[in-house]
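The primary structure of each chain is shown beneath.
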Amino acid sequence: MKKCFIAAPILFCSILNLNVNAQDKFPAFSAEAHRGGRGLMPENTIEAMLHAMTIKGITTLEMDTHITKDNQVVVTHDDYLSPAFMLTPEGKEIPKTDAKKYPIFGMSYKELRTFDLGSKYFDLFPQQKKIKTHIPLLADLIDAVQKNIKKTGNKQFFYNIETKCDVKGDGVTNPEPEVFVKLLMDVIIKKKITPYVVIQSFDKRTIQIINKKYPEVKTSFLVANKKSYEENIADLGFKPFILSPVWQMVNEELVAKAHADGVKIIPWTPNTLTDIQKLKSLKVDGIISDYPDILTQAQ
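Small disclaimer: the values here were computed from a predicted structure and weren't measured.

Chemist: For the pairing of strand E7 (residues 197–201), give the residues involved together with the corresponding values.
Modeler: Counting buried residues along E7, five of its five residues qualify, which places the element largely inside the surrounding structure. Where burial is concerned, the two faces of E7 agree: the one with Val197, Ile199 and Ser201 and the one with Val198 and Gln200 are both buried. Of the strand pairs in this sheet, strand E6 (residues 158–163) and E7 are connected by four bridges, and their pairing is parallel. Paired with Ile161 across the two strands is Ile199, which belongs to E7.

Chemist: If you had to explain the confidence of the model for the chain to someone new, which residues and values would you point to?
Modeler: Mean pLDDT for the chain: 94, with 92% of residues reaching 70 or above. Taken together, the stretch residues 1–20 has pLDDT below 50 and engages in zero contacts with residues farther than four places along the chain or on a different chain.

Chemist: An account of the pattern of salt bridges is needed here, citing residue identities and associated values.
Modeler: A side chain of one charge can pair with a side chain of the opposite charge when the charged atoms of the two come close. Tallied over the full model, the rule gives 16 salt bridges. Here Asp64 makes a salt bridge to Arg35, at a shortest N to O gap of 3.7 Å. With Asp64 in strand E2 (residues 60–67) and Arg35 in the loop between strand E1 (30–33) and helix H2 (46–52), this residue pair connects regions lying 29 residues apart in the sequence. You'll find Asp64 and Arg35 in the same group, each marked buried. One salt bridge in this structure joins Lys164 and Glu162, with 3.0 Å as the shortest N-O distance.

Chemist: Got a sec to walk through the nonpolar core? Specific residues and values, please.
Modeler: Within the largest apolar cluster, 86 residues are counted, with the highest numbers of intra-cluster contacts made by Met63, Leu81, Leu138, Tyr159, Ile161 and Ile199. Looking at this core, the element that brings in the most residues is helix H5 (residues 177–190), giving seven residues. The contacts of Leu138, once residues within four sequence positions are left out, are Met63, Thr65, Val73, Val74, Val75, Ile161, Leu184 and Val187.

Chemist: Please set out the side chain of Asp285 residue by residue, giving values where relevant.
Modeler: Relative to the elements of secondary structure, Asp285 occurs in the loop between helix H9 (273–281) and strand E11 (286–289). For Asp285, which is buried and forms no salt bridge, the nearest opposite charge comes from Lys264, at a distance of 4.7 Å. Here His259 takes part through its side chain, which lies 2.7 Å from a polar atom of the side chain of Asp285. Apart from residues no more than four positions distant in its own chain, Asp285 is found in contact with Ala28, Phe29, Ser30, His259, Val263, Lys264, Ile265 and Ile266.

Chemist: Break down H5 for me, citing the residues and quoting the values.
Modeler: The terminal C-alpha atoms of H5 lie 20 Å apart, and with 14 residues this matches the ideal 20 Å at 1.5 Å per residue to within 8%. Buried within H5 are the following residues: Pro177, Phe180, Val181, Leu183, Leu184, Met185, Val187 and Ile188. Of the surrounding secondary structure, the elements contacted by the buried residues of H5 are E2, strand E3 (73–75), helix H4 (138–152), E6, E7 and helix H6 (204–213). The first or second residue beyond H5 is Lys192, which carries a positive phi of 60 degrees.

Chemist: Hey, could you go over the side chain of Lys120 for me, with residue numbers and the actual values?
Modeler: Note on placement: Lys120 falls in the loop between strand E5 (116–117) and H4. Take Lys120: its relative accessible area is 15%, and that puts it in the buried class. Polar contacts involving the side chain of Lys120 include one to the main-chain carbonyl oxygen of Pro83, which spans 2.5 Å. Side-chain polar atoms of Lys120 contact the side chain of Glu93, separated by 2.7 Å. Apart from residues lying up to four places away in sequence, Lys120 is in contact with Pro83, Ala84, Phe85, Met86, Leu87, Glu93 and Lys130.

Chemist: Explain the pairing of E11 residue by residue, including any values.
Modeler: Here E11 shows a buried face lined by Gly286 and Ile288 and a second buried face lined by Ile287 and Ser289. Where E1 and E11 come together, four bridges link them in parallel fashion. Looking at the pairing, Glu32 lines up with Ile288 of E11.

Chemist: Please provide a residue-by-residue account of the environment of Ser108, values included.
Modeler: You can see Ser108 is positioned in the loop between strand E4 (86–87) and helix H3 (109–112). Once the C-alpha coordinates of Ser108 and Ile67 are considered, the two residues, 41 residues apart in sequence, prove to be 9.5 Å apart. Contacts of Ser108, omitting those with residues within four sequence positions, involve Lys69 and Asp70.

Chemist: An account of unusual backbone geometry is needed here, citing residue identities and associated values.
Modeler: Of note, the phi angle at Asn71 is positive, near 65 degrees, even though the residue is not glycine. With respect to the helices, strands and loops of the structure, Asn71 is situated in the loop between E2 and E3. Given a relative accessible area of 42%, Asn71 falls into the partly exposed group. The phi dihedral of Lys192 is positive, around 60 degrees, even though this residue is not glycine. If you trace the backbone, Lys192 turns up in the loop between H5 and E7. Here Lys192 falls in the exposed class, since its relative accessible area comes to 70%.

Rules used throughout
Residues numbered from 1 in each chain as written. Predicted model: local features only at pLDDT ≥ 70, side-chain atom pairs only at ≥ 80, totals over all residues. Heavy atoms only, no water. Buried < 20%, exposed > 50% of the residue type's maximum accessible area, 1.4 Å probe, protein only. Helix = DSSP H or I, 4+ residues; strand = E, 2+ residues; numbered from the N terminus. Pairing = 2+ DSSP bridges. pLDDT = per-residue confidence, 0-100. Contact = heavy atoms within 4.5 Å. Salt bridge = Lys/Arg side-chain N within 4 Å of Asp/Glu carboxyl O. Core = buried A, V, L, I, M, F, W, Y, C linked by side-chain atoms within 4.5 Å. Lys, Arg positive; Asp, Glu negative; His and termini not counted. Polar contact = N/O pair within 3.5 Å; in protein donor to acceptor, adjacent residues only side chain to side chain. Expected span 1.5 Å × (residues − 1).

If you want it as structure tokens, here you go:
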């Protein structure tokens, strides 16, 4: 009787651990809404992420991060506020001559969030819904996503988070990579979402730091070049969880070599049903698209 009494809780704990591990498991096919699905909603906004979560089949929320003057991690793509889709706090256009007037790294978050993201018509994405919103803190975006998951009882979504930095931008449009990574990981760890995160970048320095200091975090190397699979991996210096090439780079040979190495291939950003279906036929491990609705239609 004593043996049974001890064994039961152990069995129960094992079942619990299996459930937790299943929840943490990266999707067999990662269907990713690029910048939250900017073909449909204002990019990199909380509203975009919550909308993407309503599209059946989407597993992963893709987003970009920058650092502000006051060391806040914000979700936005461009180094400067873009005249293409941003408006001033007064609701006025930003002249093209002011394309570099408002650097993210040169503004406090208090100032940054007063600018209007989402009201202006964006001709590259005519279907994009118009909503007056703002560039969010990564912490606030995570809170909104996790709250929604808890409220709806939905599955846990993954976060594919890009570090927007490069060597030329050090001290100008971004902090040094060590600082960027520390600020980013402080938010991720505080919000307790580490198992659900992939950190991606074109800047190999940031994911090299992640690989060394936070080996439990999944990494993705973004590439858009004419190098071979072997050359890109050699350039990075380690095998990442994902190699994420621009979609035109993907062919049968690239996928085969990556899979033989245990590396996933998740291309960006095919936006037509034909191109998405072609990539799926090549057995890629996921796709990042501006149109999550089209992505989930592809068989």
